[in-house]
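Overview (structure and organization)
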Amino acid sequence: MRGTTLSVYPLALYRQWQDAVAVSQAYLAVGVASLLAVLAMPMLARHVPRRWLHSLAVVLYLASAALGIAGGALVVGALLCAGLGTAIAFVCYNNNVLDHVPKDQLGRLESLRMFCAGPGWAAGPLLGVWLHGLWPGAPFVLTGVAALGMLVAIWATGMGGVRVGPARGTVSANPLRYLGRFLGRPELVAGWFMLVVRSYGWSIYMVYIGIFAIEAGLGDQVGGLTASLASCGLFFTPLMLRWIHRRTLRTAVRRGFLVSGLCFLGASLVAGLPWLSIALLLLGAAFLLLLDLCGALPFQLSVRPSERAAMSAIHGTVRDVSNLLTPGVVWLVLLVGPMPAVFAAGGVGLLAAWL
């Protein structure tokens, strides 16, 4: 569902303003709102059953589809609703995983999840851009239908049940208190930082490669094509998991950050040859997929049972902190440099995580 509009949002926003900085400002505003929503989740979860929270996320997806169909400047509202819906749904999903999946099965679950998501993420971005070319509202109609299907699935399967947060007194609903406990656990902080940088790399790849292609004269289909090609790697996650099992988790995570960081830096250096630059970014995306498969495990394996609700909220901030960090960094970079400098900034961040 999300894959269909993944490459459509930056394309639609760039067409609206013809300015990459304005696109970054829109993503920055959405990042702030999504982060606040995630931080409020523990307080909501104490009073609202998880199934209803998950349903709220779907309602936001439906609102996003409606605003996207309306088009024009309302696409910013569509992006905002999609960001909020994703933030809430992600926390609900992570809570379900930590409640019902044993720690020794987390790696297998992540591999299976990514493999099953492969068709949607592989076909969605290219399909979305193609549909957008036929009629700008078409991709949002598709996501609206998918959101309805998701809502039916939540209630038909009993996902989330009537479960609410832990009893009063076991986990604080005050964000400052659970953030304090998080900051007091260095292994959680390190795992969270690696997840933020991984998401930062993906945000640069998914949002700005399409704008780079347009400015380089390659057309507006390239963004969707590269997003789909990168997502095709999801079909190889079982092979990646075997490779990880023959090595330590630390080795796999460091290899992913190192190679993806070098590829992003290389792409900025050869930007005068845009197709070569895009090829390097695509190679870097393959190693970001490796990080998708194993990068969350250091954080998840460090969570104690008594901390699940609070740390799920912290884990849910990863995407939103990245969505806040990425456009902010890009905004500053574009004030002093050209678009290829954005990929260099991505490479620096990935190499920092490797170090």
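The structure presented is a predicted model; accordingly, all values stated were derived computationally and were not measured. (Residues numbered from 1 in each chain as written. Predicted model: local features only at pLDDT ≥ 70, side-chain atom pairs only at ≥ 80, totals over all residues. Heavy atoms only, no water.)

1. Structural notes on the pattern of salt bridges
Tallying each qualifying case throughout the model produces 3 salt bridges. Between Arg15 and Asp220 there is a salt bridge, with the nearest N and O atoms lying 2.5 Å from each other. Pair noted here: Arg15 is in helix 2 (residues 8-17) and Asp220 is in the loop between helix 9 (186-215) and helix 10 (222-231), with a separation of 205 residues, a long-range link. Residue Asp220 is classed as partly exposed on the basis of its relative accessible area, which comes to 28%. The shortest N-O distance in the salt bridge between Arg185 and Glu187 comes to 2.7 Å. Judged by its relative accessible area of 8%, Arg185 is buried. (Salt bridge = Lys/Arg side-chain N within 4 Å of Asp/Glu carboxyl O. Helix = DSSP H or I, 4+ residues; strand = E, 2+ residues; numbered from the N terminus. Buried < 20%, exposed > 50% of the residue type's maximum accessible area, 1.4 Å probe, protein only.)

2. Considerations on the packing of helix 2 against helix 5 (residues 75-100)
In contact at an axis separation of 10 Å, helix 2 and helix 5 are set at 150° when each is read in the N-to-C sense. One element, helix 2, and the other, helix 5, form an angle in the roughly antiparallel class. Considering the relative orientation of helix 2 and helix 5, their crossing is left-handed. Contacts between helix 2 and helix 5 involve Tyr9, Ala12, Leu13 and Trp17 on the former and, on the latter, Val75, Val76, Ala78, Leu79 and Ala82. Taken together, the residues that form the contact of helix 2 with helix 5 break down as 9 nonpolar, no polar and no charged. (Axes fitted to C-alpha atoms, helices over the stretch in contact; angles between N-to-C directions. Parallel < 35°, antiparallel > 145°, perpendicular 65-115°, else oblique. Left-handed = near helix turned anticlockwise from the far one by under 90°. Contact = heavy atoms within 4.5 Å. Nonpolar A, V, L, I, M, F, W, Y, C, P; charged D, E, K, R; others polar.)

3. As for unusual backbone geometry
Here the phi dihedral of Gln18 falls at roughly 55°; this positive angle occurs in a residue that is not glycine. Residue position: Gln18 is located in the loop between helix 2 and helix 3 (20-45).

4. As for the confidence of the model for the chain
Per-residue confidence for the chain averages 84 on the pLDDT scale, and 91% of its residues sit at or above 70. Here helix 8 (residues 175-183) is the element of the chain with the lowest mean pLDDT, 69, and helix 16 (residues 340-354) is the one with the highest, 96. (pLDDT = per-residue confidence, 0-100.)

5. Comments concerning helix 3
Taking 1.5 Å of rise per residue, the 26 residues of helix 3 would be expected to cover 38 Å, and the 37 Å separating its terminal C-alpha atoms lies within 8% of that figure. Leu39 marks the point of greatest bend in helix 3, at about 30°, and the proline Pro42 comes within the next four residues. The N-terminus of helix 3 is capped by Asp19, whose side-chain oxygen sits 3.0 Å from the backbone nitrogen of Val21. (Expected span 1.5 Å × (residues − 1). Bend = angle between axes of the 7 residues up to and from the residue. Polar contact = N/O pair within 3.5 Å; in protein donor to acceptor, adjacent residues only side chain to side chain.)

6. Section: the packing of helix 11 (residues 237-245) against helix 13 (residues 274-294)
Orientation of helix 11 relative to helix 13, taken along the N-to-C sense of each, is 70°, at an axis distance of 10 Å. In terms of orientation, helix 11 lies roughly perpendicular with respect to helix 13. Where helix 11 abuts helix 13, its residues Thr237, Met240, Leu241, Trp243 and Ile244 lie against Ala286, Leu289, Leu290, Leu293 and Cys294. Split by residue class, the contact of helix 11 with helix 13 holds 9 nonpolar, 1 polar and no charged.

7. Remarks on the side chain of His132
By the secondary structure assignment, His132 is in helix 6 (residues 106-134). The class for His132 is buried, based on a relative accessible area of 6%. Setting aside residues up to four positions removed in sequence, His132 forms contacts with Val8, Leu11, Ala12, Arg15 and Pro139.

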